[in-house]
Amino acid sequence: MSVLETSKLLDEELYSRQLCVLDLPAMQRIQRAKVLLSGLQGLGAEVAKNLVLMGVGSLTLHDPHPTCWSDLAAQFFLSEKDLERSRAEASQEPVAKLNGAVQVCVHTGDITEELLLDFQVVVLTASKLEEQLKVGALCHKLGICFLVADSRGLVGQLFSDFGEDFTVQDPMEADPLTAAIQHISQGSPGILTLRKEADAHYFRDGDLVTFSGIEGMVELNGCDPRPIHVQEDGTLEIGNTAIFSRYLRGGAVTEVKKSEIVSHKPLDVALLQPRVVAQNPQEAYRARCLHQAFRALHQFQHLNGRLPRPWDPDDAEMVVGLARSLEPLKGTEGGPLEELLDEALVQRVALSSAGGLSPMAAMLGAVAAQEVLKAISRKFMPLDQWLYFDALDCLPEDGKLLPTPEDCAPRCCRYDGQIAVFGAGFQEMLGQQHYLVVGAGAIGCELLKGFALVGLGAGASGGVTVADMDHIERSNLSRQFLFRTQDVGRPKAEVAAEATHRLNADLQVTPFTYPLDPTTEHIYGDNFFSRVDGVAAALDSFQARHYVAARCTHYLKPLLEAGTQGTSGHAFVFMPHVTEAYRAPASGLASEDATYPVCTLRHFPSTVEHTLQWARDEFEGLFCLSAEIINRHRQELTSLAETDGPQELTLLEEVLGVLRERPQTWQDCVVWALGHWQRRFHYGIMQLLSCFPHDKVLEDGTLFWSGPKQCPEPLEFDASQDTHLLYVLAAANLYAQMHGLPGSWDQTALRELLKLLPLPVPQPLAPSFPNDLDLAGASAEFGPERLKKLHQVLEVWSGSPPLKPLKFEKSKRIVGQIIPAIATTTAAVAGLVGLELYKVVGGPRPLSAFRHNYLHLAENRFNRWVPCAPAIQKLHHLTWTWTCWNRLKVPAGQPEKTLELLLAHLHEQFGLRVKMLLHGKALLYSARWPPKKQAQHLALRVTELVQQVTGQMPKPGQQVLVLELSCEGEEDDTTFPPLHYELCDKTAALSPGSTEPCIPSPQ
C-alpha cells in the first residue's frame, strides 16, 4: 500500500488544456492525492479512467468479484479473456497504461478503518447499502471525503459527503469579472457607473470587489474587498466614498472570489432526509421518487440475494410494494414529506434495473470523477448531496413495444448488460448500423469507445467510419482515451480505428484522414452518404459543425452533435422531419472570424485580448513574417519597397527595422531590442499624443480620451523594472537566434550592460539588407517556450494603458487559442450522445422522446429538454407546406430537361413561378434579365447550363444537382426547399413527365 511520496514536477504540456480549467495549485493538489475506488464494473471503470487521465497521484482499486458476461457491456478494461478473474486485478494493468505518472494499486482485502486512513477520497460503486453505510460512517468520522455512485439500467444516483465543515476555496469556474469604470460619485454610498460596453448584469448583490487604475479617487486602488449592491439601472453602490478624492477618469472594478463553507450530512442521515440536485420542484419530486426506488432495490437485493430479473412483472411489483412500505422521507425541517409515490416510475426503474449500460456509466462516472477532483482541489462547489439522473425516455413510450423477459434473458455474450434493458432484437438492430464519426479528438475517442461497447455497427453488414485529418500530439493524451505515448505523431483516425477494434473485435472501423469540408465532396459524396445511417460529430469549431450539419440535412441523416468548454458541455440530437435542424449560433460563427482593427491594437487597446493580439502581431511581424518573406522572396523585396499599399508598407517597415544593420555580437542584439522598446513605448506614444493630446475635445464636446480609449503615457526605460528588462531580454534573444548568434538569459549581466548603453534615438529606415541571412526555423509553431517569450513581450503593456497584468497560463490560452478541456466533461457528453443514439436506432420516435442536453459540472447544472420541432413554412397561394427537411425532387429525364421545361414543371407540379435559380453562388436564371439572355439560358439543358455558368460538370457518381429557388409571392423570411435535380433515374415507377411531390402536408 506504499505510494511514491516524492514530489513530481507537473507536466504542463500534457495537461495544457486541463490547466486552463483547474489552474496550477489545483493540479498540484490533485497530483499529490490518494484515492480509493471500490467497484470496477462499468461505472467504476469510467471513474478510474477519468482520474488516471487527469493525473491523480495514486489510485487504489478494490473489487474482488469475478468478471462476468454482463460486465462487458460497459467495462472497457475487461474482455472475454478476463471472465472469472477479479475485476480489480484484471483492470489494473490497462488502467495504469493510461498515465505512467499515476500509481495504480490493487487492494484485495476488506475495507477497514486502518485502510481508509491512507486516502483523501473514497468512492464506492455498485455496492450494497450495508457497505455504503459502514464505509460512509467511517469516512465521516475520519474527515475523508466520501462518494457513492450507482447505475441501475437507465437510472443512476450519486451521493457526496465532504464533511460538516468543508471549505471550497474557488467555487466558480469563471475568471473574476472585471469591468471598466465610467464614473464614481462622492457620497455615502458612492455610486459607480460602468462603461456602456461593460456587462453589469454579471455582478450580483453581495459580490466583493476591488479597484485598480483609477485616477483621482486613488484611495480605492488596491483597497480591501468591498461588498456591492446592484441597482435597477445597473449602477453599483460601493460603500462610503464621501471622504475620498474626486474621481477623474479610468480604472476598473474587479470581482474578488470568496471561499464558501459546505456542510454535508452523513449517509445514514441523508438517506432519510435527502437534499437533491434539481432545477425546479418537478425535478426535485422525481428525484425523491427515484431515491425511494433505489432504497427499494437495495431492500429487494437484501431479501432475495439478487436484483430483479429483466422485465419480470412480478419482481417489479415486489419492488413497488417495498417502496410503498418504506419509512417516509423527511423535509429540510425534519418533518415527514407528504407526497405520493410515483409508482409507475418505480415500476419502470425496477423492470430495467438488471442491466448495465455504457452511456449511463460514462455520464455518471464523469460526474463522480469531477466530484473527486472537487474534494481534492477544493475548486468548484460539490453536489448537495444527492444527484439522480435517469434516461427512461430511451424506452418506447408505447407499452406494447417494451421488451419481454424472454427477449432480455442472458445470452452469455458481451452485450448481456444491454440486452437486459433493450432486448436481443434491439441489439441486432444496433449491429446492422453504419455510422460516421467526424473528429477523433477527445469526444470522438469517447464516442468510439461507447460505440464499441454498445455494439454499434458490430454486425455482419455494419461498421463505423472515423474521419479526422489531424495527428496525435502529446497534449492529447490527458483526454483522448484511445491514444498512448507511442502513438504521438500518428494520424488520429488510424490510431483510433485500431484501438476501437481492440475494444470490440467484431467492429470494423474504417479510418479516413481527409477533412470533411467542401474540398472533399468527391470523397464524402452521394455514394458515401448513401451507405451511412447516421453521423456523430465531435468537432471544435462552429464552421465545421455548420458544414457537417448541412451535409446531414442534405442527405436526411440523423446528426448527434457534442461539444465542451471547460466543465460545461452539450449533446444535441437532430432527426430528419422530427426535430429542427442544427443551426450554428451567429455569435459563435462571428467570434471565430473576429479580428481587431489595427488602429485599436496599436493605439487604443482596452482589453486583455487587444494586448495579446498586439503581442502576437508584434512577434509574428518581427521574428516570423519578415524572415519568411526574405527567405522566400529575397529577389522580390526590392519591388515590394516600391509599392504603396498600406499593408505592404507596414510589413516592409518591420522587415527593414529588423534588417537595417546585421548584428555581430550579443551587445548588438541588446542595442536593437532596446531601440525597439524605445520606439514602441516612448517615441511611439509621444507621436500619438502629439496628434491626440490628453485634453483633445471632439466636435460634440466629449473628450477624445474617454470610454474605451484610455490615454497612454510615454514610458521611460528603467532596467530595474522587470517588465522593461524582460522585454529587452526576450527580444534580444530572439533577434540573436534569427541571426545565428548565441544569446544570454543572464538578467544581472543584462542590467549591467544596459547601464553602459545610451538610449537610442529613432532613425529613418534604410532599405539595405544582407544577402546571407539564415533564418531557418524562425516561423515555428507556438510552443511553450515561444509563448513564454511572447508573454514577456506582452507584459510591458501593464505600464502603458492601465491594464491589469495577466497570468502566463491565461495569456497562453488566449494566444494559443487553447480551448479549456477536461476528461470528465468529454466523457459526460459522449455518454449523453449514446443515450440519444438508442432512440435514433430504435425506430420511429415522436419528438417528445428526444432530448437536448446541457451540463456544467462546476456549477452542478444538468439540463435536458425536448428539442424544437422544425418550423413549418407556407406560401398563401400554395396548398402544401414544407420544413427545412423537405426538398423538391425533379428527375432529369430522358432526354434531359431544358431549363424552360424545368421551370414549367415547377409551375405545373408545385405552383411555383421562379424568379431566380442558383447553383451554389452561380446565378443560372433571373426573370429580370433581358429577354434575349433569358432565351439563351432557357434553351440549354440544365447540366449544360451549369457547366457553362460554373465551368464544372457533375462529378462521377453524383446523383443530384442542388439548385436554389426564389419565387413570386415569397416573403422576406421564406426559405424554399432546395430543388434536387436527379441525375440518376430513380423514378422509373412514375409515369412519363411526372415527378414525386415529396412535400407532405403535416398531419
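Residues numbered from 1 in each chain as written. Predicted model: local features only at pLDDT ≥ 70, side-chain atom pairs only at ≥ 80, totals over all residues. Heavy atoms only, no water.

- The chain is annotated in an unreviewed UniProt entry as Ubiquitin-like modifier-activating enzyme 7 from Zalophus californianus.
- According to the UniProt record, the Catalytic activity (unreviewed entry) comment for the chain is "ATP + ubiquitin + [E1 ubiquitin-activating enzyme]-L-cysteine = AMP + diphosphate + S-ubiquitinyl-[E1 ubiquitin-activating enzyme]-L-cysteine." (UniProt positions renumbered as here; feature names shortened; annotations may be inferred.)

**Digging into the side chain of Lys 557**
Then, number 1: Here Lys 557 lies in the loop between helix H17 (542-555) and strand E21 (559-565).
Then, number 2: Buried within the structure, Lys 557 lacks any salt-bridge partner; its nearest side chain of opposite charge belongs to Asp 533, at an N-O separation of 5.8 Å.
Then, number 3: Looking at Lys 557, its side chain comes within polar contact range of the main-chain oxygen of Val 532, at 2.7 Å.
Then, number 4: Residues within four places of Lys 557 in sequence aside, it is in contact with Phe 529, Ser 530, Val 532, Asp 533, Cys 552, Phe 574 and Pro 576. (Helix = DSSP H or I, 4+ residues; strand = E, 2+ residues; numbered from the N terminus. Buried < 20%, exposed > 50% of the residue type's maximum accessible area, 1.4 Å probe, protein only. Lys, Arg positive; Asp, Glu negative; His and termini not counted. Salt bridge = Lys/Arg side-chain N within 4 Å of Asp/Glu carboxyl O. Polar contact = N/O pair within 3.5 Å; in protein donor to acceptor, adjacent residues only side chain to side chain. Contact = heavy atoms within 4.5 Å.)

**Describing the pairing of strand E4 (residues 121-125)**
One face of the sheet, then the other: side chains in a regular strand alternate in exactly this way.
Then, number 1: Of all five residues that make up E4, five are buried, and the element is covered over most of its length.
Then, number 2: Two elements, strand E1 (residues 34-38) and E4, share four bridges in a ladder whose sense is parallel. Following the sheet pairing, Leu 36 is matched in E4 by Val 122.
Then, number 3: Examined bridge by bridge, E4 and strand E5 (residues 145-152) share five bridges and lie parallel to one another. Along E5, the bridge assignment pairs Val 121 with Cys 145.
Then, number 4: One crossover worth recording links E4 to the parallel E5 by way of helix H6 (residues 129-142), and it is right-handed. (Pairing = 2+ DSSP bridges. Right-handed = clockwise from strand over helix to strand, strands pointing away.)

**Examining the packing of helix H8 (residues 281-304) against helix H9 (residues 313-324)**
Then, number 1: Orientation of H8 relative to H9, taken along the N-to-C sense of each, is 115°, at an axis distance of 8 Å. The chirality of how H8 crosses H9 is right-handed. For the pair H8 and H9, the contacting residues are Gln 292, Ala 296, Leu 297, Gln 299, Phe 300, Leu 303 and Asn 304 in the first and Asp 315, Met 318, Val 319, Leu 322 and Ala 323 in the second.
Then, number 2: Among the residues making up the contact of H8 with H9, the classes are represented as eight nonpolar, three polar and one charged. (Axes fitted to C-alpha atoms, helices over the stretch in contact; angles between N-to-C directions. Left-handed = near helix turned anticlockwise from the far one by under 90°. Nonpolar A, V, L, I, M, F, W, Y, C, P; charged D, E, K, R; others polar.)

**Digging into H9**
Then, number 1: Taking 1.5 Å of rise per residue, the 12 residues of H9 would be expected to cover 16 Å, and the 16 Å separating its terminal C-alpha atoms lies within 8% of that figure.
Then, number 2: For H9, every residue scored as buried is listed here: Asp 315, Ala 316, Val 319, Val 320, Leu 322 and Ala 323. Buried residues along H9 cover an arc of 160° about the axis, so they all sit on one side. Away from its buried face, by an angle of more than 90 degrees, H9 presents the exposed residues Pro 313 and Asp 314.
Then, number 3: For H9, the capping residue at the N-terminal end is Asp 312, with a side-chain oxygen 2.9 Å from the backbone nitrogen of Asp 314. (Expected span 1.5 Å × (residues − 1). Arc of directions from axis to C-beta.)

**Digging into the sheet that holds strand E28 (residues 960-967)**
Then, number 1: As summarised here, the arrangement of the five strands in space is E25-E29-E28-E26-E27, forming an open sheet in which the pairing is mixed. What marks the edges here is a single partner per strand, and that holds for strand E25 (888-891) and strand E27 (922-926). Across this sheet, the average inter-strand angle for adjacent strands is 30°, counted without regard to direction.
Then, number 2: Across four bridges, strand E26 (residues 914-919) lies against E28 in antiparallel orientation.

**Some thoughts on the packing of aromatic side chains**
Then, number 1: Following the criterion strictly, the structure yields 28 aromatic pairs and no others.
Then, number 2: Seen from their ring centres, Phe 76 and Phe 481 are 5.1 Å apart, and the 75° between their planes marks the pair as edge-to-face. Of this pair, Phe 76 sits in the loop between strand E2 (58-62) and helix H4 (87-96) while Phe 481 sits in the loop between strand E18 (463-467) and helix H15 (492-503), placing them 405 residues apart in sequence.
Then, number 3: On the numbers, 5.4 Å between centres and 15° between planes, the contact of Trp 882 with Phe 976 is stacked. (Phe/Tyr/Trp six-rings, centres within 6.5 Å; stacked < 30°, edge-to-face > 60°.)

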